[in-house]
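So you can see what is in the structure, the chains are spelled out below.
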Amino acid sequence: VNHIIRSVTMSRRRADSQGSMGPDDEAMPYSDDETDDELDNSVPLFFFPDVSWKVKANDRAYHQLPEFQKKVFLCFKKSRYSGNAIKTYKYNVLTFIPLNLFEQFKRAANLYFLALLILQVIPEISTLPWYTTLIPLVVVLGVTAIKDLVDDLARHRMDKEINNRKSEVLLNGRFQEAKWRDIQVGDVVRLKKNDFVPADILLLSSSNPNSLCYVETAELDGETNLKFKMGLRVTDERLQEERQLAEFDALIDCEEPNNRLDKFTGTMLWRRERYPLDLDNMLLRGCKVRNTEECHGLVIFAGADTKIMRNGGKTRFKRTKIDKLMNYMVYTIFVLLVLVAAGLAIGHTFWWEQIGSKAWYLFDGKDQDASYRGFLSFWGYLIVLNTMVPISLYVSVEIIRLGQSKFINWDLQMYFAEKDTPAKARTTTLNEQLGQIEYIFSDKTGTLTQNVMQFKKCTIAGRSYGDPTTAKGVQLDRGQPVDFSWNQYADRKFQFTDHALVSCVRSRKDKDAVEFFKLLSLCHTVMVEHKDGELVYQAASPDEGALVTAARNFGYVFLSRTQDSITIREADQEATYEMLALLDFNSDRKRMSIILRCPDGRVRLYCKGADTVIYERLSPNSRHKETTQAALDVFANETLRTLCLCYKDISDAEYNAWSRKHKEAQVTMVDRDAALDRVYEQIENNLMLIGATAIEDKLQDGVPETIAKLAKADIKIWVLTGDKKETAENIGYSCSLLTDDMQIHYGEDVNEKLRTRQENRRNEPLTQRPGRKKTAEPFFTTPGKNALIITGGWLNEILYEKKKKRRRLRLHRGIDFVDMACECEAVICCRVTPKQKANVVSLVKKYKKAVTLSIGDGANDVNMIKTADIGVGISGQEGMQAVMSSDYAFAQFRYLQRLLLVHGRWSYIRMCKFLRFFFFKNFAFTLVHFWYSFFSGYSSQVAYEDWFITLYNLFYSSLPVLLVGLLDQDVNDKLSLKFPKLYLPGQQGSLFNYKNFFISLFHGIFVSLIIFFIPYGAFLQTMGQDGEAPSDYQSFAVVTASSLIFTVNLQISLDTSYWTFVNCFAVLGSIAIYFGIMFDIHSAGIHVIFTSQFTFTGVASNALRQPYLWLTIILTVGISLLPVICIQFLHKTIWPSVGDKVQRNRRKYELELEEEERKRAPAFQRGRRSRRSAYAFSHSRGYADLIASGRSIRRRPPTRGGPQDSIREVPQTEAENI
């Protein structure tokens, strides 16, 4: 209880102290589960969170009591406690067919064809056989259903694999093996080393002393460094044996299930005593047990209630812009179809009244008036003209998307050999959207960076080290790595090229260098484990590990520690230092110190921290301030994470006086942390500066180049991270997202600008507010580039005002914030929760109507990945949660440029070209019926043979356009990457929109006019060579059909940019198939077998032996294609696009690229702006509490990346900006 009161009091103090200053940049903001009321600062002192979740240990029946039941449907109830089985699939055996059909008939075209099928069954209005619609519809629905089934079976398999994992559960007094799905809330489970945690469990005891348990949270946050959890002392002491665990009957009162990964509050009532519980006592589902032989825990949340599942967010059905556009176009075509059919029906009514009813040879014996005949004609024309909405369009689109997905999977340039990870398109429906991305939202840790730290440089007593030099200090252009074989404890993975520093340290002549590395080996909270004769360090953060490893290689080896001593090896001799006090790091202090009694009896304080806090505390007598400051500026410009080191000798009297105050502060019950901070301040002063370190947070390969390329393609990149502000800013510079010519705006500036804009809007007179929306003034009026760096706290302050404010203002704040952020070249949001990441993505989608892409690698990115239009997961890391929720997955951030600029752009161009042509060929085909109706009494008579209508979209014209949709490319992949500006048409949606649709419509109208009227004119009053007139209806149908096939296939040939043997074969093959099938179905043999189905007996052979008709076909095709050729020629010469220019000079650019690859030389890249000490800001709280408590620890070897150079290389020659 005291613990809770203290934490509430502290949070009140922090809130009060901030006052008008705004939110704390270091604090993680509240979660989505908290209400606006909870955000109010007037929290009562004795405020307790909602503790209505009760868990009874070893008592399954307790959780089935009526008080824990919730209503599901009508009078049906079930337990509010979820089972541990998870479900990510959509269908089961019973729901698959109805649910899948329901989803498919949401598509306008499928519903339209179902209605058509019903119409065709009615004999009075059916002008075409019913099977012409049924067969294509069944094929379309079947293909899509099979694809959905395959996807869902994969989800079923994955769920089954997870739910059937084994774990040991305490049942009937002993541990038994059980499947994860059978675990229930209140069960006691036993976990072994390397086991995944099956549910959110309360740690009771472990095989390690003091019930320590080490977990890897890679599946939660992408980080691979270990975190430790601790059981309560009481459970550790009393719950080690199976018998004791079986008798355990505690009652846990805790918060309801929620999605906060960084918070847990509860109490345990056991043996009439209450014990406080917090997140340090919890093992979350998705973590992996490491370095702990076995541990025991009590299940608190299971299955869907676990924090990792709560963070998943809803699975959204994602559709592309083109999909939505296609639906609207289908509606448009349907409206046109109804209007045309209505017009022709009216024409038939008048025609029957004036001509039809008076012509004796048209008498059909039916007593129907003209209006009724017109009504029937309307439905008849709906059926005849139905091919304006092509059913094969959707099947073709699915095939093209499947092909594009396979090309992504097969791309060897996106294959990461180091971890044997290929790129994977996990969904097949979004490929063309990859060519339209405007905003990318990226995680930082594990996505932009490798989360691997390396000690690169340092400055000692004013002299900088780290550049390649000889042992005598002579600078080299390229250095050889130092040979550390003289040091038996050296870490073989550590690389350093400055031989001068090594010789200086080994000689022990430079006392400052000795103190420098001695400090690194003593002032830390790292734990050590001796494993197979090797030292294995386990640090609270990778930065700490990198510094201690550096000291180890230079001969100052941290060997072991106890509660009150540290043993190191210096100059081949072991020395033990008595640890008097450890002043741990926190985000307010930005430094850590250790007070030691040296072997010679002296008391000395060693301190390391951010230069901003260290310089304030230096003694006036401290030397090398200016030279160290200059070195820090150089290191910061190279985007290295810097840290200052200093020391202070303390007299026994001074230490004893301070120690008394320290002990008093340690036992204070009110505001203990603040009291300790005040005591620490009293001793950390008059420090003597030794030097500074510089650590590199390794970026993934190719990140700066990728970001630069994407920026040239006008794609804006936002980084959303849970890291500290300074860390995120430093990474922003190192990956070229932020540049030195950018003006950076922080949360305070943003809030002020938004408040000003709001006041101006409020003060604006109503008379000046126009009805229509005027263009808003820009937020940044000064010229130059802008960047925004904002913390989660400020995001909440800006976007979620308290309830007492008007909601309308909240809406305006959101719009204004997005407008401001979108004016910036780069946006970095730091200290944000998973829910906030998703909210930021939603804001941009909502207010900018932009296509968004999210990329991340941890469970904290899942919500963001699901919210964006496209979700990309980084695989190859140990966490796979992001990959499981993503649409595309690959191993390295750099592959994103190829995914978007090559595959995305090609997919978009191909799909647009395919759709434009598909609509054109169907308009050209269908509207011939319209022109024919003027000469057939508007009687729903078809202009072609029935079999031609059935097979046109299936065999005669589908393959060439399908291959263009699969294989076409305007320029090759290398030129696509060289000229990122080629990506812009996709963002603007300029290759397929309503304008293109109507161009295709008018093109189709023009071609159908030519195809009908030229043969019609040629057939008028004509005599064949043999004296017979070829001007019958059936010969006319053959000539128009032949002209159409030639025109359509030659037209697609004109539009093809990339010719392969397959394209050529498809065009010629389609024409050959047309003639082959036509001669077959016009043969006498098939007419004899199926007399009523095949009525065009001998027509083809008779008509096509007339040269006159061949000349008619040639004239028709020539006139149809000539205007298109002229227009294309004029466009490419007078108004060429970027793509046209690149195509024209393609050979020249390809030669340039080959030349560049041969001559490519590295160019050094350096920044200029001074940036400070990211290490001290980003470093998390250490293991000081653990060390001080005397609890020991065992370690595993940390996973480290291979050595890589700190100097990034960029190509000297940049692609020209067209």
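Here the structure is a predicted model, which is why all the values come from computation and not from measurement.

What counts and how
Within every chain, residues take consecutive numbers counted from 1 along the sequence as written. Side-chain atom pairs in this predicted model are given and counted only at pLDDT of 80 or more, local residue features only at pLDDT of at least 70, and totals for whole chains, interfaces and linings cover all residues. Side-chain measures here rest on the full set of heavy atoms in the structure, leaving out hydrogens and waters. Secondary structure elements follow DSSP: runs of H or I of four or more residues count as helices, runs of E of two or more count as strands, with numbering from the N terminus. Burial classes follow relative accessibility: with a 1.4 Å probe on protein chains only, a residue under 20% of its type's maximum area counts as buried, one over 50% as exposed, and anything between as partly exposed. In this description, contact between two residues means that some pair of their heavy atoms is separated by no more than 4.5 Å. Only the protein chains shown count as cover for residues, with accessible areas throughout obtained via the Shrake-Rupley method and a probe of 1.4 Å. Note: two strands are recorded as paired if DSSP finds a minimum of 2 bridges between them. Patch membership is restricted to residues that have no salt bridge and whose relative accessible area is over 30%. Joining uses 9 Å for like charges and 5 Å for the nonpolar side chains Val, Leu, Ile, Met, Phe, Trp and Tyr. Salt bridge, as used here, is a side-chain nitrogen of Lys or Arg placed within 4 Å of a carboxyl oxygen of Asp or Glu. Working definition of a nonpolar core: buried Ala, Val, Leu, Ile, Met, Phe, Trp, Tyr and Cys residues. They are joined through side-chain atoms within 4.5 Å. Throughout, a disulfide means two cysteine sulfur atoms within 2.5 Å of one another. Here a cavity means grid points, on a 1 Å grid over the protein atoms only, where a 1.4 Å probe fits yet cannot get out; a pocket means an open set of points with protein on both sides within 12 Å along at least five of seven lines; lining residues are those with an atom within 4 Å of a point. Grid points are joined across faces, edges and corners, and a volume is the space filled by probe spheres set on the points. For this analysis, a ring pair means two rings from Phe, Tyr or Trp (six-membered ring only for Trp) whose centres lie within 6.5 Å, classed as stacked if their planes differ by under 30 degrees, edge-to-face if by over 60, and tilted for the remaining angles. Charge-over-ring placement is defined geometrically: NZ (Lys) or CZ (Arg) within 6 Å of the ring centre, and within 35 degrees of the ring normal. Lines are fitted to the C-alpha atoms to define the axes, a helix being fitted only along its stretch in contact, and any angle between axes, read from their N-to-C directions, falls within 0 to 180 degrees. Reported orientations rely on four angle classes, namely roughly parallel under 35 degrees, roughly antiparallel over 145, roughly perpendicular from 65 to 115, and oblique for the rest. Each crossing gets its hand from how the near helix is turned against the far one by less than a right angle, where anticlockwise is left-handed and clockwise is right-handed. For this classification, Asp, Glu, Lys and Arg are treated as charged, while Ala, Val, Leu, Ile, Met, Phe, Trp, Tyr, Cys and Pro are nonpolar and the rest, including Gly, are polar. UniProt positions are given in the numbering used here, feature names are shortened, and annotations may be inferred rather than shown by experiment. What qualifies as a polar contact is a pair of N or O atoms within 3.5 Å, subject to a donor-acceptor requirement within protein and to the restriction that residues adjacent in sequence count only when both atoms come from side chains. A residue's pLDDT is the predictor's confidence in that residue, given on a scale from 0 to 100.

(A) Up close: the overall build of the protein chain. When its secondary structure is counted, the protein chain shows 42 helices and 37 strands. Taking all 1218 residues of the protein chain together, the buried fraction comes to 55%. For the protein chain, the share of sequence-separated contacts (at least 6 apart) that also reach a separation of at least 24 residues comes to 76%. When the accessible surface of the protein chain is split by element, carbon and sulfur atoms take 56% of a total near 53500 Å².

(B) Seen up close, the pairing of strand E7 (residues 200-206). Across the seven residues of E7, seven count as buried, placing the element largely inside the fold. Bridge count between E7 and strand E15 (residues 294-301): six bridges; the pairing is antiparallel. In the sheet register, Ile201 faces E15, and the bridge partner there is Val299. Looking at chain direction, E7 and strand E13 (residues 282-283) are connected through two bridges and run antiparallel. What sits directly across from Leu202, in E13, is Met282.

(C) Structural view of the side chain of Thr693. Looking at the secondary structure, you find Thr693 in strand E28 (residues 688-699). Excluding its chain neighbours within four sequence positions, the residues that come into contact with Thr693 are Phe455, Lys457, Cys458, Phe516, Leu520, Leu547, Arg641, Thr642, Leu643 and Leu645.

(D) Here's a closer look at a nonpolar patch on the surface. A cluster of nonpolar residues, Tyr328, Tyr331, Tyr994, Phe998 and Phe1002, forms a patch on the protein surface that exposes about 530 Å² of accessible area. Sorting the residues of the nonpolar patch by element identifies helix H10 (321-354) and helix H33 (994-1019) as the ones contributing at least two each. Per-element tally for the nonpolar patch: the top contributor is H33, with three residues. Among the structural elements, Tyr331 can be located in helix H10.

(E) Broad picture of the nonpolar core. Counting 97 residues, the largest nonpolar core has Leu393, Phe914, Leu915, Phe948 and Leu1044 as its most contacted members. The dominant element in this core, judged by the number of residues it contributes, is helix H28 (residues 895-933), at 16 residues. Setting aside its immediate chain neighbours within four residues, Leu1044 contacts Ala924, Phe925, Tyr944, Phe948, Tyr952 and Ile1011. Cys458, Ala513, Leu519 and Met592 belong to the second-largest nonpolar core, a separate cluster that totals 55 residues.

(F) How the structure looks around the state of the cysteines. Inspection of every chain in the model, using the stated rule, returns zero disulfides. The thiol of Cys213 is unpaired, and the distance to the nearest cysteine sulfur, on Cys295, comes to 4.0 Å.

(G) Quick look at empty space enclosed by the protein. Taken as a whole and assessed by the stated rule, the structure comprises six cavities of 30 Å³ or more. The calculated volume of the largest cavity comes to roughly 80 Å³. Forming the walls of the largest cavity are Tyr944, Glu945, Phe948, Tyr956, Ala1037, Val1038, Ala1041, Tyr1074, Met1078, Ile1081, His1082 and Phe1096. Contributions of two or more residues to the lining of the largest cavity are made by helix H29 (946-956), helix H34 (1033-1055) and helix H35 (1061-1081).

(H) How the structure looks around the packing of aromatic side chains. Evaluated as defined, the whole model comprises 61 aromatic pairs. Note on Phe934 and Tyr938: the rings are 5.7 Å apart at their centroids and 75° apart in plane angle, and the pair reads as edge-to-face. With centroids separated by 5.9 Å and ring planes inclined at 75°, the aromatic side chains of Phe948 and Tyr1074 adopt a geometry described as edge-to-face. Of the two residues, Phe948 is situated in helix H29 and Tyr1074 in helix H35; the sequence distance between them amounts to 126 residues. Among the aromatic side chains, those forming a connected cluster through ring pairs are Phe930, Trp931, Tyr932, Phe934, Phe935, Tyr938, Phe1012, Phe1013, Tyr1016, Phe1019, Tyr1033 and Phe1036. Between the NZ or CZ atom of Arg506 and the centre of the ring of Trp486, over which it lies, the distance is 4.2 Å. When the ring centre of Phe918 is taken as reference, the NZ or CZ atom of Lys921 above it lies at 4.3 Å.

(I) Representation of the packing of H28 against helix H30 (residues 958-967). Running from N to C, H28 and H30 point in directions that differ by 165°, and their axes come no closer than 7 Å. Classed by the angle they form, the pair H28 and H30 counts as roughly antiparallel. The hand of the H28/H30 crossing is right-handed. In this structure, H28 uses Arg910, Lys913, Phe914, Phe917, Phe918 and Lys921 to contact H30, whose residues at the interface are Val961, Val964, Gly965, Leu966 and Leu967. Across the contact of H28 with H30, the residue classes break down as seven nonpolar, one polar and three charged.

(J) Summary view of the side chain of Arg401. The residue Arg401 is located in helix H12 (residues 392-410) in this model. With a relative accessible area of 1%, Arg401 lands in the buried category. Contact partners of Arg401, with chain neighbours within four places excluded, come to Thr320, Asp323, Thr428, Thr429, Asn431, Glu432 and Met911.

(K) Looking closely at the UniProt feature "binding site: Mg(2+)" (unreviewed entry) in the protein chain. In the numbering used here, UniProt assigns the feature "binding site: Mg(2+)" (unreviewed entry) to Asp443, Thr445, Asp857 and Asp861. For Asp857, a relative accessible area of 0% translates into the label buried. Engagement of the side chain of Asp861 in a polar contact is seen with the side chain of Lys837, the distance being 2.7 Å.

(L) Geometry of the UniProt feature "transmembrane region" (unreviewed entry) in the protein chain. Those places that UniProt annotates as "transmembrane region" (unreviewed entry) correspond, in this numbering, to residues 328-352, 372-397, 914-935, 947-967, 997-1021, 1033-1052, 1064-1088 and 1108-1130. Counted over residues 328-352, helix gives 100% and strand 0%. Its end C-alpha atoms are 36 Å apart. Summarising residues 372-397: 73% helix, 0% strand, and an end-to-end C-alpha distance of 40 Å.

(M) Unusual backbone geometry, seen in detail. Positive phi outside glycine occurs at Asn194, with the angle close to 70°. By secondary structure assignment, the location of Asn194 is in the loop between strand E6 (188-192) and E7. Take Asn194: its relative accessible area is 38%, and that puts it in the partly exposed class.

(N) Inspection of helix H21 (residues 725-734) at higher detail. Where burial is concerned, most of H21 is hidden: 10 out of the 10 residues are buried. Along H21, the residues that are buried comprise Lys725, Glu726, Thr727, Ala728, Glu729, Asn730, Ile731, Gly732, Tyr733 and Ser734. With its phi angle positive at about 70°, Ser736 sits one or two positions after the end of H21.

(O) Molecular detail of the sheet that holds strand E30 (residues 742-746). With mixed pairing, nine strands are arranged side by side in an open sheet as E16-E35-E34-E33-E17-E29-E32-E31-E30. Two strands bound the open sheet, and with one partner strand each, they are strand E16 (424-425) and E30. The pairing of strand E33 (residues 852-856) with strand E34 (residues 870-874) spans four bridges and is classified as parallel. Residue Leu853 lies in a different strand from E34, and its bridge partner there is Ile870.

(P) Looking closely at the packing of H28 against H29. As a packed pair, H28 and H29 sit with axes 12 Å apart at the nearest point and diverge in direction by 175°. Here H28 is positioned roughly antiparallel relative to H29, judged by the angle of their axes. Counting all contacts with H28, which are made through Phe918, Lys921, Asn922, Phe925 and His929, the residues of H29 involved are Phe948, Ile949, Tyr952 and Asn953. Counted by class, the contact of H28 with H29 contains five nonpolar, three polar and one charged residues.

(Q) Representation of the confidence of the model for the protein chain. This prediction gives the protein chain a mean pLDDT of 80; 84% of its residues lie at or above 70. Considering only residues more than four positions removed or in separate chains, one finds that residues 1161-1171, a stretch of pLDDT under 50, has 33 contacts. Below pLDDT 50 for its whole length, residues 1192-1218 participates in 89 contacts with residues either more than four positions away or in separate chains.

(R) Main features of the pattern of salt bridges. For the coordinates displayed, the defined rule picks out 42 salt bridges. Of the charged contacts, one joins Asp819 and Lys848 as a salt bridge, the two residues approaching to 3.2 Å between their closest N and O atoms. Of this pair, Asp819 sits in helix H24 (residues 807-823) while Lys848 sits in helix H25 (residues 834-848), and the two are 29 residues apart along the sequence. Residue classification places Asp819 among the partly exposed positions, given a relative accessible area of 22%.

(S) Spatial organisation of the sheet that holds strand E4 (residues 166-171). A sheet is described by the order of its strands in space; here six strands give the open sequence E5-E4-E6-E15-E7-E13, paired in antiparallel fashion. A single partner strand is all that each edge strand has here, and the edge strands are strand E5 (174-179) and E13.

(T) Just the environment of Ile408, in detail. With respect to the helices, strands and loops of the structure, Ile408 is situated in helix H12. It is 6.6 Å that separates the C-alpha atoms of Ile408 and Ala423, two residues lying 15 residues apart in sequence. Residues contacting Ile408, with those up to four places away along its chain left out, are Met414, Ala423, Ala425, Asn431, Leu434, Tyr888, Leu899 and His903.

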